[in-house]
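Structure assessment
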Amino acid sequence: MRGAATRVARTVLAAVLVLTLASACSGDDTERSGETTTTVAPETTTTTEPPLDEGSQVDPLYYVPTVGDCFDRREITGSDNKQADVLLMLDCQLLHQYEIFATVAYPLPEGGDTAWPGDDAVRDVARADCSTFFEAYIGAPYETSAFEMGYLLPPEDNFGVNQLIGCYVYDPTHDRTAGSAQRAAR
C-alpha cells in the first residue's frame, strides 16, 4: 500500500508543479510594464558593385585571358542606347566576381584550321584541362574547395585570332569577393 500512496503523492506533486509553472508563464504582461522587448534584425549580406570607373571595360570579343585577372561581367548601355556586355577588369583587392586561374589553348587541327569547332567541343576542352590547374593556383583540390570553377570561352566571331580559354574561379556563397583566390587554400 505504501508504494501506491507514494506514486499518487508523486503524481499530485507533479500536477501541482505543472500548474504552478503554467500559471507563472501565462502571467499578465501589464505586471511587467518596466520591461521592454527588443528584436534583433536578421543578418543581411550587402554586395557592392564597384563603379565602372574603378576598372577598365573590355569587349569580350577582344579579351585574351591572363592568369591573375580579376573581373566582373557587366551589362552597360552603349552610345546607341542598346545593352552591351563588357568585362570590367578590376584590381583583385576590389570586390569582383571572377578570377582567372589558368588559360588553356584550344588545340587546333594539324592543318591549323581556325574554323569555330562548336560550343560543345570548346567546353569539353575547358572541362578536361582547367581542373588540372586548379589545385596549383588555389592550394586546395577542386573536390574539397569552397570555390567553383567556370570557363570563359573564346568568342566564335574572333576564334581565328584567339583560341585561348580562360579558367576562372568564383565563390558561390558571395556575389563578389575581395582579394585574390591564389593560394587561398580553401
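Everything below is about the structure shown above.
Notes on the structure in this doc start here. (Residues numbered from 1 in each chain as written. Predicted model: local features only at pLDDT ≥ 70, side-chain atom pairs only at ≥ 80, totals over all residues. Heavy atoms only, no water.)

Estimates place the volume of the largest pocket at around 230 Å³. Together, 14 residues line the largest pocket, and Pro60, Arg73, Asp85, Leu87 and Leu152 are the ones closest to its centre. At the level of secondary structure, the elements contributing two or more residues to the lining of the largest pocket comprise β2 (70-77) and β3 (83-90). (1 Å grid on protein atoms, 1.4 Å probe; cavity = no way out; pocket = protein on both sides within 12 Å on 5 of 7 lines; lining within 4 Å. Points joined across faces, edges and corners; volume = space filled by probe spheres on them. Helix = DSSP H or I, 4+ residues; strand = E, 2+ residues; numbered from the N terminus.)

So, on to a negative patch on the surface. Residues Asp119, Asp120, Glu156 and Asp157 make up a contiguous surface patch of negative charge. Within the secondary structure, Asp119 sits in helix α2 (residues 119-138). Among the residues examined, Asp119 registers a relative accessible area of 41% and is labelled partly exposed. (Patch = residues over 30% accessible without salt bridge, like charges linked within 9 Å, V, L, I, M, F, W, Y side chains within 5 Å. Areas by Shrake-Rupley, 256 points an atom, 1.4 Å probe, with all protein chains shown as cover. Salt bridge = Lys/Arg side-chain N within 4 Å of Asp/Glu carboxyl O. Lys, Arg positive; Asp, Glu negative; His and termini not counted. Charge placed at Lys NZ, Arg CZ, Asp CG, Glu CD. Buried < 20%, exposed > 50% of the residue type's maximum accessible area, 1.4 Å probe, protein only.)

The next point concerns the nonpolar core. Judged by nonpolar contacts, the single largest core of 19 residues is most densely connected at Phe101, Cys130, Phe134, Ile138, Ile165 and Val169. Looking at this core, the elements that each hand over two or more residues are β4 (98-105), α2 and β6 (164-170). Residues contacting Val169, with those up to four places away along its chain left out, are Gln97, Tyr98, Glu99, Phe101, Phe134, Ile138, Phe147, Glu148 and Ala181. Judged by nonpolar contacts, the second largest core, of eight residues, contains Tyr98, Ile100, Leu152 and Tyr168. (Core = buried A, V, L, I, M, F, W, Y, C linked by side-chain atoms within 4.5 Å. Contact = heavy atoms within 4.5 Å.)

We now examine the side chain of Asp69. The topology assignment puts Asp69 in the loop between β1 (56-58) and β2. It is Arg73 that comes nearest to the buried, bridge-free Asp69 among opposite-charge side chains, at 12 Å. Within the structure, the side chain of Asp69 is placed 2.6 Å from the side chain of Tyr63, a separation counted as a polar contact. Sequence-distant contacts of Asp69, defined by excluding residues within four places in its chain, comprise Tyr63, Met89, Tyr98, Glu99 and Ile100. (Polar contact = N/O pair within 3.5 Å; in protein donor to acceptor, adjacent residues only side chain to side chain.)

On to the state of the cysteines. Following the criterion strictly, the structure yields two disulfides and no others. Here Cys70 engages in a disulfide with Cys92; their sulfurs sit 1.8 Å apart. On the sign convention where negative means left-handed, the S-S torsion of about 95° between Cys70 and Cys92 marks this disulfide as right-handed. Of this pair, Cys70 sits in strand β2 while Cys92 is found in the loop between β3 and β4, placing the two residues 22 residues apart along the sequence. Under the relative-accessibility criterion, Cys70 is labelled buried at 1%. Here Cys130 is linked by a disulfide to Cys167, with a sulfur-sulfur distance of 1.9 Å. Linking Cys130 and Cys167, the disulfide has an S-S dihedral of approximately -70° and is accordingly described as left-handed. Here Cys130 is found in helix α2, whereas its partner Cys167 is found in strand β6, with 37 residues between them in sequence. Its relative accessible area of 0% is what places Cys167 among the buried residues. Each bonded cysteine of the protein chain is numbered by sequence order, and under that numbering the disulfide pairs are 1-2, 3-4. (Disulfide = S-S within 2.5 Å.)

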